[in-house]
Amino acid sequence: MLSVKNLHAGIAGKEILRGIDLEVRSGEVHAVMGPNGSGKSTLAQLLAGRDGYQVTAGTVRYLDMDLLAMAPEERARAGVFLAFQYPVEIPGVSNALFLKTALNGVRKQRGLPELDAMDFLQLLRDKMKLLGMDDKLLARSVNEGFSGGEKKRNEILQMAVLEPRLAILDETDSGLDIDALKLVADGVNRMRNADRAIVLVTHYQRLLNYIVPDFVHVLSQGRIVKSGGAALAVELEQYGYAGVESENEVSHVS
Amino acid sequence: MPAATRQLDELIGREYRHGFVTALESDTVPRGLSEETVRLISALKHEPEFMLEWRLKAYRHWLTMTEPHWANIRHPAIDYQDIFYYSAPKSEKDGPRSLSEIDPELLRTYAKLGIPLKEQELLAGVAVDAVFDSVSVATTFKAKLAELGIIFCPFSEAVQQHPELVKQYLGSVVPYTDNYFASLNSAVFSDGSFCYIPPGVRCPMELSTYFRINARNTGQFERTLIIADKDAYVSYLEGCTAPMRDENQLHAAVVELVALENAQIKYATVQNWYPGDKEGRGGIYNFVTKRGECRGANSHISWTQVETGSAITWKYPSVVLRGDNSVGEFYSVALTNHYQQADTGTKMTHVGRNTTSTVLSKGISAGHGQNTYRGLIKVLPGAENAHNYTQCDSLLLGNQCGAHTFPYIEVKNPTARVEHEASTSRIGEEQLFYCTQRGIAPEEAVSMIVNGFCKAVFQNLPMEFAVEAQKLLGVSLEGSTG
């Protein structure tokens, strides 16, 4: 579904990603882990179409399309979803209106009719219930005055409504207490299916106790330095990134 | 004269028609301004002596004044001798004959705003029977209002039929000496609207629909006077979301509102005069004086404005809070795109005790637009327990535009509470990316963010007006996402 090959990219002349290779197939859950500054968020944002990055080499194919040539909204409509690390506030725009506009944009692309207000509201209420979210958040402005946990749950709600093919979750676990973390993880697990791929970008292993990935990649200084199964995350938890990175250095030398 | 025009004339009164007919025959009053011009205008309108005297006093005073230049706007010098101060409505031989002769760009905008075809013709100045339907509607309205004793008519008709009211209230809020443009208006105003709500009467409808028709020929120097007598209520809508074609570059209108004891006046404006082209050529200069006086105790005046048109907007709808416990409100959205300039805001003058005022201003700048909020909160010594709350937010789209804020506060009573909050933000890349990442097109995203920004103001507009205003913002911002 997603094929990243030798991706080099940077911002303002500074190279951040220095040759990323990543293959993600339908039905898989990948965790991309790494210390601060390793390029995790850059990768997530770049895949979603954030402006301002320069790609200097490499390719990204998504469902046989050149992902990098597509505008952010085209990627979104083609099924790429990014759960933001820092969800943005939009004062005066109700959460419900925002989601409805987004959903209808995506549905149009898929050749589906627009949902009317009643059907949409029903859909939304059902999904919110599953995430333990208060109905009142619908009428509130997008993310405005939301707690950290509410913002993150709101991202998962959007994902549940938009039903993407490829979901990229950028540090969705940060700032969540254990109860909120479980709710978010439940929400994500419920979305797992054979047609969908999920990429979890995270600093800590904690989230992976609840969402067990098929693959774990360790990102360091703009490269994937190690890949493995779920057990790799546990190893990281024990030895830290430094351990893995130094081991990698050694393996390079030898 | 086509039947439709004839019927419109009948509607607005015989004297008025005479004025028009005479003017049509003489085409227009010659270019330029002199005492003779003022006399001629008054004569054409068959005005009583007191009106002529008032106009002449205004004209003579205007001669002693100089054009103000304190506003944050720039424009080439206005040659006041190069203006036609009275022109009759265009006869159909000058105007376009059908919509096919109208600038397609304008038609495209009408279509986007969802304006019915008949109304499009009307707005574009096509001489057709489009007026017909509207006229009969207006006539029905008039009958209904008359039953309640409400007077609602063209200003020139009020001068003929209710001279005592005009004499009593005209210039009582905005005197002919008020400012350069108000004095000019007082001398040469062509027509406008007059509205009187008798004591205890609640006007049962928004006074609006009628004005889409009526505003057609009175654009340049318009004069409006609204009086809500004791315990009366009226909600008044001015303007139209559709861009109006107008050959006159200078507009200098005056609106006066008088609220007596326990009365309430709500005045809403959507102003969308021609803003000039993308390079800033052409466009209306709009120098407007709007002021309301809460003359009686517990009276209430609120101004709500959505300003998206004109090359230059110079406008400060104000309230003088004379009556004890009176309330003044100003809610504003001003949008400047391309090379538009707006210097707008309000003055709240607290005179009576326990008076309250609220100011909520939202300025949006895009393209090379310059947007200035200018506000004065004045609390006089006798205004015990006066309270003002001002919030003034600016939103910038792009990096060629500007937002400026000039809040003035003068407090002469120690019990006053004056609060001011201000913010300036840019539609961030962050916000835009957040929307597009969810599959929302960039233009739609900008429109959504801007409408969200303006929501608190739109809430004060009547429902259908609010919907139109939202669409209008979207259209006015086209192309600003680059």
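Residues numbered from 1 in each chain as written. Chains lettered and ligands numbered in written order. Predicted model: local features only at pLDDT ≥ 70, side-chain atom pairs only at ≥ 80, totals over all residues. Heavy atoms only, no water.

Peer 1: Let's hear about the overall build of chain B: which residues, and what values?
Peer 2: Assigned secondary structure in chain B consists of 14 helices and 18 strands. Buried positions account for 59% of the 482 residues belonging to chain B. In chain B, once contacts between residues fewer than 6 apart in sequence are set aside, the share between residues at least 24 apart is 84%. Split by element, the accessible area of chain B, about 18,900 Å² in all, is 51% carbon and sulfur. (Helix = DSSP H or I, 4+ residues; strand = E, 2+ residues; numbered from the N terminus. Buried < 20%, exposed > 50% of the residue type's maximum accessible area, 1.4 Å probe, protein only. Contact = heavy atoms within 4.5 Å. Areas by Shrake-Rupley, 256 points an atom, 1.4 Å probe, with all protein chains shown as cover.)

Peer 1: Break down the side chain of Asp343 of chain B for me, citing the residues and quoting the values.
Peer 2: All names here are of chain B. Along the polypeptide, Asp343 turns up in strand 13 (residues 341–350). Engagement of the side chain of Asp343 in a polar contact is seen with the backbone nitrogen of Asn72, the distance being 2.7 Å. Beyond its immediate sequence surroundings of up to four residues, Asp343 is in contact with Ala71, Asn72, Ile73, Thr313, Trp314, Lys315, Tyr316, Thr372 and Arg374. (Polar contact = N/O pair within 3.5 Å; in protein donor to acceptor, adjacent residues only side chain to side chain.)

Peer 1: Mind laying out the interface of chain B and chain A, listing which residues take part and the relevant values?
Peer 2: With 19 residues of chain B at the interface, the matching set in chain A holds 32 residues. Overall, the association of chain B and chain A removes approximately 2,100 Å² of surface from exposure, summing both partners, and the carbon and sulfur fraction of that is 62%. A per-residue breakdown of the area chain B buries against chain A is headed by Phe433, Tyr434 and Arg438 of chain B, which together make up 37% of the total. The interface formed by chain B and chain A holds two salt bridges in total. One salt bridge connects Glu155 of chain A with Arg438 of chain B, and the closest N-O pair in it is separated by 2.6 Å. Seen at the junction of chain B and chain A, the total is eleven residue pairs in polar contact (both at pLDDT 80 or more). Of all elements in the fold, only helix 12 (429–436) and helix 13 (442–458) of chain B reach the threshold of two or more residues within the side of chain B that touches chain A. (Buried area = accessible area lost by both parts, 1.4 Å probe. Salt bridge = Lys/Arg side-chain N within 4 Å of Asp/Glu carboxyl O.)

Peer 1: So, the nonpolar core: which residues are in play, and what are the values?
Peer 2: Residue and element names in this part refer to chain B. By size, the foremost hydrophobic cluster in this structure holds 114 residues, and its most contacted members are Ile364 and Val450. Among the elements that line this core, the one with the most residues is helix 13, at nine residues. With sequence-adjacent residues up to four places away left out, Ile364 is seen in contact with Val333, Ala334, Leu335, Thr336, Asn371, Leu395, Leu397, Val450, Phe453, Cys454 and Leu473. Membership of the second largest hydrophobic core comes to 55 residues, among which are Ile41, Tyr85, Ala158 and Val188. (Core = buried A, V, L, I, M, F, W, Y, C linked by side-chain atoms within 4.5 Å.)

Peer 1: With reference to specific residues and values, describe the pattern of salt bridges.
Peer 2: One pass over the full model with this rule turns up 23 salt bridges over all chains. With a shortest N-O distance of 3.4 Å, Glu430 of chain B and Arg50 of chain A are connected by a salt bridge. Here Arg50 of chain A lies in the loop between helix 1 (40–48) and strand 4 (54–62) and Glu430 of chain B lies in helix 12, a pairing that spans two chains. Its relative accessible area of 40% is what places Glu430 of chain B among the partly exposed residues. A salt bridge links Asp393 of chain B to Lys362 of chain B, with the nearest nitrogen and oxygen atoms 2.8 Å apart.

Peer 1: Kindly report on the packing of helix 3 (residues 95–109) of chain A against helix 6 (residues 148–162) of chain A, identifying the contributing residues and their values.
Peer 2: Relative placement of two packed helices is described by the angle separating their axes and the distance separating the axes. Residues and elements named next belong to chain A. At a closest axis distance of 10 Å, the pairing of helix 3 and helix 6 adopts a crossing angle of 35°. Remark: the crossing between helix 3 and helix 6 carries right-handed chirality. For the pair formed by helix 3 and helix 6, the contact residues are Asn95, Phe98, Leu99, Ala102, Leu103 and Val106 on the first element and Asn154, Leu157, Gln158, Val161 and Leu162 on the second. Each residue belonging to the contact of helix 3 with helix 6 can be placed in one class, and the counts come to eight nonpolar, three polar and no charged. (Axes fitted to C-alpha atoms, helices over the stretch in contact; angles between N-to-C directions. Left-handed = near helix turned anticlockwise from the far one by under 90°. Nonpolar A, V, L, I, M, F, W, Y, C, P; charged D, E, K, R; others polar.)

Peer 1: Before we move on, can you summarise empty space enclosed by the protein with the specific residues and values?
Peer 2: Residues and elements named next belong to chain B. Under the counting rule described, the total for this entry stands at eight cavities of 30 Å³ or more. Approximately 90 Å³ is the volume attributed to the second largest cavity. Taken together, 16 residues line the second largest cavity, and the ones lying closest to its centre are Ser361, Gly363, Asn371, Thr372 and Tyr373. Elements supplying a minimum of two residues to the lining of the second largest cavity: strand 12 (327–336), strand 13, strand 14 (356–365), strand 15 (370–379), strand 16 (387–396) and strand 17 (402–411). Tallied by class, the residues present in the lining of the second largest cavity amount to five nonpolar, nine polar and two charged. (1 Å grid on protein atoms, 1.4 Å probe; cavity = no way out; pocket = protein on both sides within 12 Å on 5 of 7 lines; lining within 4 Å. Points joined across faces, edges and corners; volume = space filled by probe spheres on them.)

Peer 1: Can you tell me about unusual backbone geometry, naming the residues and giving the values?
Peer 2: It is generally the case that most residues other than glycine have a negative phi and that most peptide bonds are trans. Residues and elements named next belong to chain B. Non-glycine residue Asp231 carries a positive phi angle of around 60°. Overall, the relative accessible area of 47% leaves Asp231 in the partly exposed class. If you check the backbone angles, Asn354 has positive phi at about 50° while not being a glycine. Note that Asn354 resides in the loop between strand 13 and strand 14. Looking at Asn354, the relative accessible area reads 35%, which means it is partly exposed.

Peer 1: Give a detailed account of the pairing of strand 9 (residues 166–170) of chain A, specifying residues and quantitative values.
Peer 2: All names here are of chain A. Taking burial as the measure, the five residues of strand 9 include five buried ones, the bulk of the element. Alternating positions in strand 9 separate into two faces, Leu166, Ile168 and Asp170 on one and Ala167 and Leu169 on the other, with burial throughout. Across four bridges, the pairing between strand 6 (residues 80–83) and strand 9 is parallel. Along strand 9, the bridge assignment pairs Leu82 with Ile168. Sheet topology note: the strand 9/strand 10 (residues 197–202) ladder contains five bridges and is parallel. (Pairing = 2+ DSSP bridges.)

Peer 1: Please give an account of the pairing of strand 16 of chain B that cites residues and values.
Peer 2: Residue and element names in this part refer to chain B. Counting buried positions along strand 16 gives eight out of ten residues, so the element sits mostly inside the fold. When strand 14 meets strand 16, the two strands line up parallel, connected through ten bridges. The partner of Ser357 across the bridge, within strand 16, is Asn388. Sheet analysis places strand 16 next to strand 18 (residues 417–426), joined by ten bridges and oriented parallel. Following the sheet pairing, Leu395 is matched in strand 18 by Ser425.

Peer 1: Account for the sheet that holds strand 14 of chain B, naming residues and giving values.
Peer 2: All names here are of chain B. With respect to topology, seven strands assemble into an open sheet ordered 4-7-9-12-14-16-18, the strand pairing being parallel. If you trace the sheet from one side to the other, it starts and ends with strand 4 (233–239) and strand 18, each paired once. Direction aside, neighbouring strands of the sheet carry axes that sit 5° apart on average. Summarising the sheet, strand 12 and strand 14 pair through ten bridges and their orientation is parallel. Bridged to Val327 within strand 14 is Thr356. Along the sheet, helix 13 makes contact with strand 9 (300–307), strand 12, strand 14 and strand 16, crossing strand 14 at roughly 160°.

Peer 1: Tell me about the packing of aromatic side chains, and name the residues and values.
Peer 2: Ring pairs (aromatic) are described by centroid distance and by the angle formed between their planes. Residues and elements named next belong to chain B. Applying the stated criterion to the full structure yields 21 aromatic pairs over all chains. Arranged with centres 5.6 Å apart and planes meeting at 20°, the rings of Tyr85 and Phe221 form a pair that is stacked. In this pair, Tyr85 sits in the loop between helix 4 (49–63) and helix 5 (104–113) while Phe221 sits in the loop between helix 11 (209–214) and strand 3 (222–228), placing the two residues 136 residues apart along the sequence. For Tyr85, a relative accessible area of 1% translates into the label buried. The exposure class of Phe221 is buried, given its relative accessible area of 0%. Relative to Phe189, the ring of Phe155 has its centre 5.2 Å away and its plane inclined at 80°; by these criteria the two rings are edge-to-face. Taken as a pair, Phe155 in helix 8 (residues 155–161) and Phe189 in the loop between helix 10 (180–188) and strand 2 (191–197) lie far apart in primary sequence, 34 residues in all. (Phe/Tyr/Trp six-rings, centres within 6.5 Å; stacked < 30°, edge-to-face > 60°.)

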